[in-house]
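Structure at a glance
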Amino acid sequence: MSLKNYALQLKRRIAAVAAIHFEIAAAELPAFEVSPSSEARFGHFACNLAMQLARPLKRNPRQIAEELAERLNIELGEELAAPLAPVGQGFLNLHLSEHLFGEAVNEVLTGASPFQWQAEKPQQINLEYVSANPTGPLLVVNGRAAALGSALASILKAAGHSVTQEYFVNDAGTQVIEFGKSVFRENRDRYREAGWEISDEVYAWGDDGGYAAKTVAEVSESVFQLREETACEKKYTRSAQLFEITDSVIAQLEFQRASLGRFGADFQRFYSEHLLYAPDSRLPYQDVLTSYIFPEMLDIEQVPGPIRDAWHTLKEHGSTFEADGAIWLRTTEYGDDKDRVIIRSNGKPTYLLADIAYHLNKWERLENKDDSGDAPLMIDIWGPDHYGHILPTRAGLMAAGLPEEALEVLIAGWVTFKQGEKVVAMSKRKGNLITLDDLMDEVGVDVARFLFLERSPEAELEFDLEMATEQSSENPAYYVQYAHARICSIFSKALEEGYSEEQLISTELSKIDMAPLFTEDDAGRRQAELLRQLIYYPGVIQSAARGRAPQRLAHYLHHLAGEFHPWYKMVKVLVDDRETALARLALCAALRKLITHGLGLLGLNAPESM
RNA sequence: GCGCCCGUAGCUCAGGGGAUAGAGCAGCGGUCUUCUAAACCGCUGGUCGGUGGUUCGAAUCCACCCGGGCGCGCCA
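Now for a look at the structure at hand. Every chain is numbered on its own, with residues counted from 1 as its sequence reads. Here the convention is simple: chains get letters from A, ligands get numbers from 1, in the order in which they are written. Since the coordinates come from a predicted model, pLDDT governs what is reported: local features require at least 70, and pairs of side-chain atoms require 80 or more to be given and counted, while whole-chain, interface and lining totals use all residues. Heavy atoms throughout the structure, all of them, feed into the side-chain values; hydrogens and water do not.

A few words now on the overall build of chain A. Runs of H or I in DSSP of at least four residues are treated as helices and runs of E of at least two as strands, each being numbered from the N terminus. Assigned secondary structure in chain A consists of 22 helices and 17 strands. With the principal axes as the frame, chain A shows a C-alpha extent of 90 × 60 × 45 Å. A simple rule labels every residue: compare its accessible area, found with a 1.4 Å probe on the protein chains alone, to the largest value its type can have, and call it buried under 20%, exposed over 50%, or partly exposed in between. Across the 610 residues of chain A, 53% fall into the buried class. Contact criterion: two residues are considered in contact whenever any of their non-hydrogen atoms come within 4.5 Å of each other. Across chain A, the fraction of contacts at a sequence separation of at least 24, relative to all contacts at a separation of at least 6, is 74%. Residue burial considers only the protein chains on display, and all accessible areas are found by Shrake-Rupley using a 1.4 Å probe. When the accessible surface of chain A is summed, it comes to about 26900 Å², and 48% of that surface belongs to carbon and sulfur atoms.

Pasting the structure below:
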């Protein structure tokens, strides 16, 4: 039995048998499933083909199932623990032979990467997530996107795809000016106290910065230190304002990167928006701002970067028109409900054009990288306030000649907070927000990640801070991790009790006969159940990848731990009967490997003790 | 008004055509002399928002309605 695609193989064999028996071309067979059985009494896999055939054959599904069962009993032979027989309206439940589980455990214990799936159509995927403005610390919503994106990246890789994780830095919008002003507002008195010369006119520049003191506090401190350390003369001039802006943005990005690293989000690339104006550092960041962002008017033809190329591409495709002094894109031709401005009447590009340029750039990089011929894919994870942006962006990409499926957008749903009974409202302007760093300090990385990941991505999520902190011992993340710690503890104990190191390594345990596990008592039933869950694991990864649904993996692990703990309580692994003990140790070793792997995909640790 | 998301146990949420709808928390009662009690066992808790439809089969798909959230800028 190959653990990884056993269900798929079964399905193919069943399809082949059915096609011959019912004289239907294989391609004409109705869609059917060989899916994990919902309950242990329904065996290991359930097949609904007979029910699906009822309509095309215009026959009773039970009868179809009878005939199918007869054929399959010959085909599957000794792989089945009991002959197939129709159940309910025509289910065929496959009860697998015990010896297959020995093979499965063997594969888990000896395989280099036993859960790594070989995708039928491996894709080059660019996964972009978080991409918060560099104008403040990362917030909890960003944390949700970070958990989601990094877990999804791992899951997609485990499902056989190739994934690049990317972060878009919005460092070329008017917000960065606001941010620089706000930082200056916090720092100007500090400068003066430290003996800096600042004219009243320059001082007033910070008056109307739009960001709250708390939001810019961390960066202000850091920029002030930088000035003190690097200034030739203590004079704050008008031109120093430019550096107040760029240094603030750069410092903020560094803080964000630190938070992301601590949270376990591993990006291969941070793509700065200002590169869309001037790529390959042809112009330093400061010059991009002064040349293209600060001026009131802009001639886009003078912009040397991808943002102009994107405009040209759209124009060449005949998708643009001029009206009211602005350049518009005919997004309505691709399903949008209104056309969109891409170049304002002052010549400056809108965010939509920048976003199109950025995605075209990503797409080019993907195509250059992909030599397999399979369609590459861009997946973006956006905040919930960007729903309205999906249609225009996709329409823009289609207008530039990309296929509709090129971009897939996932929305990370709202996160609200509850402190006991009170709902905590957050506002960026007021500055009473909870940052990702706050959250990590309060509940820890593992708990935060698990709480985010066990929810479906787009649904709203209410985060009960009291529950996550005070009652953290009853947290689902710990519940799964504790299962792992207990298994590790069993192995330590085994060494104390006279088992040798050599005896307990995976390659040795893989040779153990698993037959002692299949007893007729409660212990045997629970052991069979653990093995049943074990063989579903690769399918769970596959399903989580295909559905972009990390919560399926989180729930699976939770459920598996929920099978393990009662068994652990009821059954002693290190019993006197050596054969039973070794079989149970082999089971534990396989479960440990699985849990470590699964937690790893979600970005959680698998601690050896707790 | 148009579009998207959501409505499932007291609370927070899974399940998104399949069999008797699940978990955590909260509540009640038990369990450490035995590999970790961050655990286990038992009990309590549901018209899956409503009404119609499609289907052998609907919490799941479709239509309409009710309720909650968000989006509909020459902002990002």
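What follows deals with the sheet that holds strand β4 (residues 91-94). Here, strands pair whenever DSSP counts at least two bridges between them. Spatially, 4 strands are ordered β1-β2-β4-β3 in an open sheet, and the strand pairing comes out antiparallel. Looking at strand neighbours, the two that pair on one side only are β1 (34-36) and β3 (86-87), the edges of this open sheet. In terms of strand pairing, β1 meets strand β2 (residues 45-47) through 3 bridges, oriented antiparallel. The residue of β2 that forms the bridge with valine 34 is cysteine 47. Each axis is a line fitted through C-alpha atoms, taken for helices only over the stretch in contact, and angles between the N-to-C directions span 0 to 180 degrees. Lying on the sheet, helix α3 (residues 61-76) is in contact with β3 and β4; it crosses β4 at an angle near 25 degrees.

One way to put it is that helix α4 (residues 98-110) packs onto helix α22 (residues 578-602) with a least axis distance of 9 Å and a crossing angle of 55 degrees. Regarding the angle of α4 to α22, the classification is oblique. Judged by the sense of rotation from one axis to the other, the crossing of α4 with α22 is left-handed. On α22, the residues that touch Val105, Val108 and Leu109 of α4 are Ala586, Ala589, Ala590 and Lys593. Three categories are distinguished: nonpolar for Ala, Val, Leu, Ile, Met, Phe, Trp, Tyr, Cys and Pro, charged for Asp, Glu, Lys and Arg, and polar for the others, with Gly belonging to the last. Among the residues making up the contact of α4 with α22, the classes are represented as 6 nonpolar, no polar and 1 charged. Any angle between 65 and 115 degrees counts as roughly perpendicular, while under 35 counts as roughly parallel, over 145 as roughly antiparallel, and the rest as oblique. Crossings are classed by handedness, with left-handed meaning an anticlockwise turn of the near helix from the far one by less than a right angle and right-handed meaning a clockwise turn.

Residue proximity to a molecule or strand is established when one non-hydrogen atom of the residue lies within 4 Å of it. Neighbouring residues of RNA strand B: 61 residues in total, closest Arg344, Ser456, Tyr482, Ser489 and Val571. A share of 64% of the atoms of RNA strand B within 4 Å of the protein falls on sugar and phosphate groups. Two N or O atoms form a polar contact when they lie within 3.5 Å of each other; inside protein one atom must be a possible hydrogen donor and the other a possible acceptor, and for residues adjacent in sequence the pair counts only when both atoms belong to side chains. Contact distances for RNA strand B include 2.9 Å between a base oxygen and a side-chain N or O atom of arginine 41. Here a sugar or linking oxygen of RNA strand B sits 3.2 Å away from a polar atom, N or O, in the side chain of histidine 555. For the surface near RNA strand B, the secondary structure elements donating two or more residues are α2 (49-57), β4, α13 (387-399), β17 (461-464), α17 (476-496) and α21 (550-570). Take the surface near RNA strand B: its biggest share by element is 8 residues, from α17. Broken down by class, the residue content of the surface near RNA strand B amounts to 24 nonpolar, 21 polar and 16 charged.

Another point: helix α1 (residues 6-21). Expected span of a helix: the number of residues minus one, times 1.5 Å. Taking 1.5 Å of rise per residue, the 16 residues of α1 would be expected to cover 22 Å, and the 23 Å separating its terminal C-alpha atoms lies within 8% of that figure. Of the residues making up α1, those classed as buried are Tyr6, Leu10, Ile14, Ala15, Val17, Ala18 and Ala19. The secondary structure elements touched by the buried residues of α1 are β1, β2, α2, α3, β4 and α4. Downstream of α1 by a residue or two, glutamate 23 has a phi angle that is positive, lying close to 55 degrees.

Attention shifts here to the sheet that holds strand β12 (residues 340-343). Taking strand neighbours across the sheet as the criterion, the 3 strands line up as β10-β11-β12 in an open arrangement whose pairing is antiparallel. A strand with exactly one partner marks an edge of an open sheet, and here the two such strands are β10 (320-323) and β12. Between one strand axis and the next, the sheet turns through 45 degrees on average, direction left out of account. Pairing between strand β11 (residues 326-329) and β12: 3 bridges, direction antiparallel. The partner of tryptophan 328 across the bridge, within β12, is valine 341.

Our focus in this paragraph is the environment of histidine 359. Considering the arrangement of structural elements, one finds histidine 359 in helix α12 (residues 351-369). Exposure remark for histidine 359: the relative accessible area of 0% places this residue in the buried category. Distance in space between the C-alpha atoms of histidine 359 and arginine 394 is 9.7 Å, their sequence separation being 35 residues. Those residues in contact with histidine 359, other than ones at most four positions away along the chain, are Glu128, Met378, Asp380, Thr393, Leu397 and Leu407.

It is worth spelling out the pattern of salt bridges at this point. Opposite charge on two side chains lets them pair, provided their charged atoms get close. The salt bridge definition used is simple: a Lys or Arg side-chain nitrogen within 4 Å of an Asp or Glu carboxyl oxygen. Using the criterion set out here, one finds 28 salt bridges in the structure. A salt bridge links arginine 365 to glutamate 166; the shortest N-O distance between them is 2.8 Å. In this pair, arginine 365 sits in helix α12 while glutamate 166 sits in strand β6 (residues 162-169), placing the two residues 199 residues apart along the sequence. On the basis of relative accessible area, glutamate 166 is assigned to the buried category, the value being 0%. Notably, a salt bridge pairs aspartate 309 with arginine 308, separated by 3.6 Å at the nearest N-O pair. Accessibility expressed as a relative area gives 35% for aspartate 309, which makes it partly exposed.

As for its position among the elements, aspartate 380 is in strand β13 (residues 377-382). Separated by 2.5 Å, the side chains of aspartate 380 and histidine 359 make a polar contact. Other than its neighbours up to four places away in sequence, aspartate 380 contacts Glu128, His359, Lys362, Leu407, Glu408, Val409 and Leu410.

Moving on, we come to α4. Between its terminal C-alpha atoms α4 stretches 19 Å, which fits the 18 Å expected from 13 residues at 1.5 Å a residue. Of the positions making up α4, those classed as buried are Leu100, Phe101, Ala104, Val105, Glu107, Val108 and Leu109. Looking at the buried side of α4, the elements it contacts are α1, α19 (506-509), α20 (522-546) and α22.

Of all hydrophobic cores here, the largest spans 135 residues; its most connected members are Val130, Phe452, Phe463, Leu585 and Leu602. Ranked by the residues each element gives to this core, the list is headed by α22, at 15 residues. Leucine 602 has contacts with Ala151, Arg449, Phe450, Leu453, Pro550, Leu553, Ala554 and Leu557, leaving out every residue within four places of it along the chain. In this structure, Val183, Tyr203, Phe224 and Ile390 belong to the second largest nonpolar core, which totals 65 residues. Residues enter a nonpolar core if they are buried and are Ala, Val, Leu, Ile, Met, Phe, Trp, Tyr or Cys, with the set joined through side-chain atoms within 4.5 Å.

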